[in-house]
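Close look at the chain arrangement
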Amino acid sequence: MSSWPTELRLHKDRKTLTVAFDGGETFALAAEYLRVKSPSAEVQGHSPDERKTVPGKRYVAILEVQPIGNYAVRLVFDDMHSTGIYSWDYFLDLGRNHAAYWRDYLDDLAAKGLSRDAK
């Protein structure tokens, strides 16, 4: 049974999206994290080998949260990325696995000589 969001709140600074679920879990997800983990084909590719490490997003902000039916939202970022559809299950996965995913992202940046800061 999948969890259902009870709250989706974009903070005033547009740098954090809080997602609360009916199971009691609440996650405050940074715009940077959501951007670099975008479920879009542009970031994820069509296979694990094609997945991209997206640098330079430390200061990215979320401009809009657009509902997609009753199962997901599209996030529009200030770098004009807007092709990722974030399902409730994906938000739950991002929240529950934040530490591991973030560590992997930072390791990928380091391995590729990339930075969280825009050049």
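In this report, we go over the structure that sits alongside the text. (Residues numbered from 1 in each chain as written. Predicted model: local features only at pLDDT ≥ 70, side-chain atom pairs only at ≥ 80, totals over all residues. Heavy atoms only, no water.)

In this section: unusual backbone geometry. In this structure, arginine 14 takes a positive phi of about 65° despite not being glycine. Of note, arginine 14 is situated in the loop between β1 (5-10) and β2 (16-21). Of the residues examined, arginine 14 reaches a relative accessible area of 34% and is grouped as partly exposed. For methionine 80, which is not a glycine, the phi torsion comes out positive at approximately 75°. Looking at the secondary structure, you find methionine 80 in the loop between β5 (72-77) and β6 (85-87). (Helix = DSSP H or I, 4+ residues; strand = E, 2+ residues; numbered from the N terminus. Buried < 20%, exposed > 50% of the residue type's maximum accessible area, 1.4 Å probe, protein only.)

With antiparallel pairing, three strands are arranged side by side in an open sheet as β4-β5-β6. Unpaired on one side and paired on the other, β4 (62-68) and β6 mark the two borders of the sheet. Mean inter-strand twist for the sheet, computed between neighbouring axes without regard to direction, equals 30°. As paired strands, β5 and β6 are joined by three bridges and run antiparallel to one another. Bridging across to β6, valine 73 finds its partner in tyrosine 86. (Pairing = 2+ DSSP bridges. Axes fitted to C-alpha atoms, helices over the stretch in contact; angles between N-to-C directions.)

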